[in-house]
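One letter stands for each residue in the lines below.
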Amino acid sequence: MSDQTFDLVILGAGSGGYAAALRASQLGMSVGLIEKSKVGGTCLHVGCIPTKALLHAAEVADAARDAAKFGVKATLEGIDVPAVIQYREGIIASKYKGLQGLIKARGITMIEGEGRLTSPTTVQVGDSTITGKNVILATGSYSRTLPGLEIGGRVITSEQALQLDFVPKKVAVLGGGVIGVEFSSVWRSWGSEVHIIEALPHLVPMEEESISKQFERAYRKRGIEFTLGVRFQSVTQNDTGVVVTLENGATIEADLLLVAVGRGPATAGLGFEEVGVAMDRGFVLTNERLETSIPGLYAVGDIVPGLQLAHRGFQHGIFVAEEIAGLNPVVISDVNIPKVTYSEPEVASVGLSEAKAKEQYGEAAVASYEYNLAGNGKSHILETAGSIKVVRVVDGPVVGVHMIGARVGELIGEAQLAVNWDAHPEDVAPLLHAHPTQNEALGEAFLALAGKPLHSL
């Protein structure tokens, strides 16, 4: 490989890196995209896409199990894990091939190998120096563990969980955030016993408290056990299983322990600090326009402190490409980025919780309405329970939307538009919501906050 020069060099081809590459090429820049593994990164290969494929297989299993209540004669004979893997890998392969074709069609130069930042404008890949007028750091994240908790054997992360070729009888899950509850949902639908351990007071602890409580009720009803507000102490394992000990002395026995305590920034040993990039606990510090402490050097995605979401990285990548091109793109704050947990039930939210809104605007200046999905025809048809909560400033805009129930992740698009465009409920109330859809439940919540509830008192 010879030395190469581009308008833009991107280190990492995950969601943030490849989005930056595509947008930059669209804007007329020459782009060198460096990746040691596969374009698409964690999200496509070991994150969002494969886990959602498993969750769909879990949904199909639940549908077969519950078919009789809908008048359909069906039986669930079991889970053919190799066939599930084949289905999942087929989806990944198709998306990967499509992405490779798109990169090639846009004239982006893929550079295979592990890159190391050697100056604000150069990345070393093997014996070659790749130079850019600008450089974007997009190296992504890895599965964290806890101090003293070693991954190996029957103690696994989400990456190893995806590779399992069997359905475990019982799983202990360390962490009640998105990754932990999604895998718990899959395994429970496939017939496993599951016990989640979460040190904070609630499952999905980053969500509105009322949503977390409803989520816990739903998981309890599904037979998923959980221990809240107690820290993990240790784990021992042998040929047949694991024994997890908590700080209160309680023990949990299982076949496996899934460690799902979040993801860390993949920045170690890549030369960032040596070049002078300001860092904090492995994260790259940037200003609100994603420029690092070194002018002309940017960072995007999971290595930037804040939400670790594929679509946040994707938006970061587009933003920086446009920033370099002088288009002055709009900053979207983390609080106004939509979040979805793809479990059963799903959780989706955007904007401020009611508590955070009251902190920001004052107790008397905030109003909210929570619409129960029991009043929604499509939700009743789907046999799902849950609610949609809308938070507004009195006589002002919608500042938060929080939802729980089957398929509510599909409603987050309208919710994020309302929040990010500072819409008042009165602005949305006249707009039509097709019937019968779950989307009507969001419309009903807006109607209620606009002072004209129809299907609620």
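Rules behind the numbers
Here the residue index of a chain counts from 1 through its sequence in written order. Local features are withheld for residues below a pLDDT of 70 in this predicted model, meaning they are given only at 70 or higher, and side-chain atom pairs are given and counted only at 80 or more; totals for whole chains, interfaces and linings count all residues. Based on all heavy atoms of the structure, the side-chain values leave hydrogens and waters out of the count. Per the convention used, a helix needs a DSSP run of H or I reaching at least four residues, while a strand needs a run of E reaching at least two, with both numbered from the N terminus. Our radius of gyration looks at C-alpha atoms and nothing else; its globule reference is 2.2 Å times the residue count to the power 0.38. For each residue, the accessible area found with a 1.4 Å probe, counting protein chains only, is set against the maximum for its type, and the residue is called buried under 20%, exposed over 50%, and partly exposed in between. The contact definition used throughout considers only heavy atoms, calling two residues in contact when any of these lie within 4.5 Å. Note that accessible areas follow from Shrake-Rupley with a 1.4 Å probe, and for residues the cover is restricted to the protein chains shown. Think of it this way: Lys and Arg go in the positive column, Asp and Glu in the negative one, and His and the chain ends go nowhere. To locate a charge, take NZ of a lysine, CZ of an arginine, CG of an aspartate or CD of a glutamate. By this definition, two strands are paired if DSSP reports at least two bridges between them. Angles shown run from 0 to 180 degrees and are taken between the N-to-C directions of axes, each axis being a line fitted to C-alpha atoms and, for helices, limited to the stretch in contact. If you view a crossover with the strands going away from you and the path from the first strand over the helix to the second runs clockwise, you call it right-handed. Should a side-chain nitrogen of Lys or Arg be within 4 Å of a carboxyl oxygen of Asp or Glu, the pair is scored as a salt bridge. Oblique is the label for every angle not falling under 35 degrees (roughly parallel), over 145 degrees (roughly antiparallel), or within 65 to 115 degrees (roughly perpendicular). If you view the pair so one helix is near and one far, a crossing is left-handed when the near helix is turned anticlockwise from the far one by less than a right angle, and right-handed when it is turned clockwise. Gly falls in the polar group here, along with every residue not listed as nonpolar (Ala, Val, Leu, Ile, Met, Phe, Trp, Tyr, Cys, Pro) or charged (Asp, Glu, Lys, Arg).

Participant: Account for the overall build of the protein, with residues named and values stated.
Facilitator: Each helix and strand counted, the protein has 14 helices and 24 strands in total. Rg of the C-alpha trace for the protein: 23 Å, near the compact-globule value of 23 Å for 457 residues, within the 12% margin. Structurally, the protein occupies a C-alpha span of about 65 × 60 × 45 Å along its principal axes. Burial statistics for the protein: of 457 residues in total, 50% are counted as buried. The long-range fraction of contacts in the protein, counting pairs at least 24 apart against all pairs at least 6 apart in sequence, stands at 63%. By element, 53% of the accessible surface of the protein is carried by carbon and sulfur atoms, the whole surface being about 21000 Å². The averaged location of the 51 negative side-chain charges in the protein is 3 Å from the averaged location of its 37 positive side-chain charges.

Participant: Explain the sheet that holds strand β20 (residues 339-341) to me, and be specific about the residues and the numbers.
Facilitator: One open sheet holds the five strands; their spatial order is β20-β21-β24-β23-β22, and the pairing between them is antiparallel. Edge strands, defined here as strands with exactly one partner in the open sheet, are β20 and β22 (366-372). Neighbour-to-neighbour, the strand axes of this sheet turn through a mean angle of 10°, independent of strand direction. In the packing of helix α10 (residues 354-361) onto the sheet, the strands contacted are β22, β23 (387-393) and β24 (398-405), and the crossing angle to β22 comes to about 165°.

Participant: So what about the environment of L11? Which residues, and what values?
Facilitator: Looking at where L11 falls in the secondary structure, it is placed in strand β1 (residues 4-11). Residues L11 and S456, spaced 445 residues apart in sequence, show a C-alpha to C-alpha distance of 52 Å. Leaving out residues up to four positions away in the same chain, L11 has contacts with I34, G115, V123, I136, L137, A138, T139 and F272.

Participant: Provide a residue-level description of the environment of I85, including the pertinent values.
Facilitator: Structurally, I85 is set in helix α4 (residues 81-105). The exposure class assigned to I85 is partly exposed, which follows from its relative accessible area of 21%. Separated by 262 residues in sequence, I85 and V347 have C-alpha atoms that sit 26 Å apart. When near neighbours in sequence (up to four residues on either side) are disregarded, I85 contacts L164 and D165.

Participant: Quick one: what's the story with the pairing of strand β9 (residues 170-174), residue by residue and with numbers?
Facilitator: Looking along a regular strand, one sees the side chains alternate between the two faces of the sheet. With four of five residues buried, β9 lies mostly within the body of the structure. Two elements, β9 and strand β10 (residues 193-198), share five bridges in a ladder whose sense is parallel. Along β10, the bridge assignment pairs L174 with I197. The β-α-β motif built from β9, the intervening helix α6 (residues 178-189) and the parallel element β10 has right-handed crossover chirality. For β9 and strand β15 (residues 256-259), the ladder comprises four bridges, and the chain directions are parallel. Each residue of the ladder has a partner; that of V173, found in β15, is L258.

Participant: Can you explain the pattern of salt bridges? Please cite residues and give values.
Facilitator: Inspection of every chain in the model, using the stated rule, returns 18 salt bridges. Linking E363 and K358 is a salt bridge whose minimum nitrogen-to-oxygen distance equals 3.4 Å. Judged by its relative accessible area of 24%, K358 falls in the partly exposed class. One network of salt bridges, with partners in common, ties together E208, E354, K358, E363 and K389.

Participant: How would you sum up the packing of helix α3 (residues 48-65) against α4? Please name residues and give values.
Facilitator: Closest axis-to-axis distance for the α3/α4 pair is 9 Å, and the angle between their directions is 140°. Between α3 and α4, the angle is such that the two are oblique. Crossing handedness for the pair α3 and α4: right-handed. In contact with I49, P50, A53, L54, H56 and A57 of α3, α4 contributes V84, Y87, R88, I91 and I92. When grouped by side-chain class, the residues that make up the contact of α3 with α4 number nine nonpolar, one polar and one charged.

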